[in-house]
Amino acid sequence: MNRFLFGQKHSKIAEAGFTLVELLLALLLIGLLAGSYLKFTSVTTYTEKSKETRLQVQEIRDSLLTFLKVNRYLPCPDIDGDGREDRSTSRDAGITYCKERSGFLPSVQLGVVTKDAWGNPFYYRVNARSENKDDINDVCETASVFGQQGPRSRPAESGFCPETKMFYCDCEEPWLSKDEKNGERKRVCPSACDFDHEPRTMDMPPYFSLDTPPVGVDNADGLKNMVVLDSQGEELDNGIVAMVVSFGRNGEQAWSNCDNQTMTNAMELENCDGDADFRLNQDSPQDDFLGWLNVLDVKRAMIEVNGFEAP
């Protein structure tokens with residue numbers, strides 16, 4: 001009788017112990033599955049947000065081109081966060097110029113979203129000389145793509161843009177006689193040149209022309225334009241006048257304390273440090289998303305709408 005009871009009791013304990021082991025294994029399996037699911041969900045969410053943000057940046061770039069075609073100039077950065085560009089106006093000539101070279105995207109004027117898929121504002125930076133009232137309406141300055149109102153300016157006592165050696169003055173006799181050596185005719189600007197000639201009836205954009213430097217990529221960076229470098233530091237593009245950046249999932253950190261980006265990705269530090277150099281990692285996925293316009297993009301867009309024709 002005692003043996004039977006003891007055996008029965010031992011059997012119940014063994015059965016209970018086996019059930020406990022099963023429970024622990026089940027909990028372990030659930031934990032592993034939950035961890036895998038969360039990891040998969042995190043990767044999927046990041047992929048979806050990356051795709052969404054990449055499309056947003058492309059739409060913003062397209063909107064900048066549309067704004068340019070309609071208004072004949074590019075907008076300045078938004079400083080106060082109201083979605084509209086912020087400009088100052090000179091008291092003497094009534095020239096408007098950008099209050100800052102970088103800030104938020106003027107999303108309301110562009111008709112685009114204000115924030116990326118992670119809920120952070122887009123960073124917007126423009127040609128540095130657009131802050132200068134003496135450069136923003138100057139036909140020989142790249143910053144003139146941001147000229148909005150006021151008189152067009154030119155280099156004093158000069159008939160050409162020094163950076164490109166191209167004439168902008170109006171010549172009475174633009175064609176000289178044939179060259180005695182090879183019989184070809186040369187287009188030059190003779191001494192009889194009207195430096196102040198303006199074919200337009202009123203001061204209005206565009207203040208730049210096809211001859212506004214840089215033409216091609218000549219001296220593009222020297223005119224305070226931006227550049228994009230790859231992961232090896234090689235130049236991908238230059239002559240950039242407008243840059244849009246989403247700092248991605250760590251965007252809040254980039255906005256609040258850019259220096260801490262070195263703790264996560266030193267390459268991304270280049271995109272939030274406020275200078276004219278930007279990095280695009282083409283070798284592996286990068287958390288930042290970039291979109292930009294260079295001088296040739298701007299001129300091409302204006303040609304499409306006959307934007308250089310005098311009104």
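Check the entry above for the structure.
Residues numbered from 1 in each chain as written. Predicted model: local features only at pLDDT ≥ 70, side-chain atom pairs only at ≥ 80, totals over all residues. Heavy atoms only, no water.

Asks: Outline the side chain of T142, listing residues and values.
Replies: Tracing the backbone shows T142 in the loop between β4 (123–126) and β5 (160–161). When residues no more than four places from it in sequence are discounted, the contact partners of T142 are N127, T212, P213, P214, L223, N225, V241 and V295. (Helix = DSSP H or I, 4+ residues; strand = E, 2+ residues; numbered from the N terminus. Contact = heavy atoms within 4.5 Å.)

Asks: Mind laying out unusual backbone geometry, listing which residues take part and the relevant values?
Replies: Between P205 and P206 the backbone carries a cis peptide bond, its omega angle lying at 10°. Checked against the element boundaries, P206 lands in the loop between β8 (193–194) and β9 (226–229). Omega for the peptide link from P213 to P214 comes to 0°, which places this bond in the cis form. When you line up the elements, P214 lands in the loop between β8 and β9. Even without being a glycine, R72 presents a positive backbone phi close to 70°. Tracing the backbone shows R72 in the loop between α1 (2–71) and β1 (87–89).

Asks: Report on the nonpolar core, specifying residues and quantitative values.
Replies: Counting 34 residues, the largest nonpolar core has L74, L105, Y124, F146 and V241 as the members making the most contacts within it. Of all the secondary-structure elements, those providing two or more residues to this core are α1, β2 (96–98), β4, β10 (235–246), β12 (289–294) and α5 (295–304). For this core, the leading source of residues is α1, giving 7 residues. In this structure, Y123, V228, C258 and F278 belong to the second largest nonpolar core, which totals 14 residues. (Core = buried A, V, L, I, M, F, W, Y, C linked by side-chain atoms within 4.5 Å. Buried < 20%, exposed > 50% of the residue type's maximum accessible area, 1.4 Å probe, protein only.)

Asks: Before we move on, can you summarise α5 with the specific residues and values?
Replies: Of the residues making up α5, those classed as buried are V295, D297, V298, K299, A301 and M302. Two or three places before L296, at the opening of α5, N294 has a side-chain oxygen 3.1 Å from that residue's backbone nitrogen. At the exit of α5 stands N306, carrying a positive phi of roughly 55°. (Polar contact = N/O pair within 3.5 Å; in protein donor to acceptor, adjacent residues only side chain to side chain.)

Asks: Go over the side chain of N294, please, and point to the residues and values.
Replies: Locating N294 in the fold gives a position in strand β12. Within polar-contact distance, the side chain of N294 engages the side chain of D237 at 3.2 Å. Every residue in contact with N294, bar those within four places of it in the chain, is listed here: D237, N238, G239, I240 and V241.

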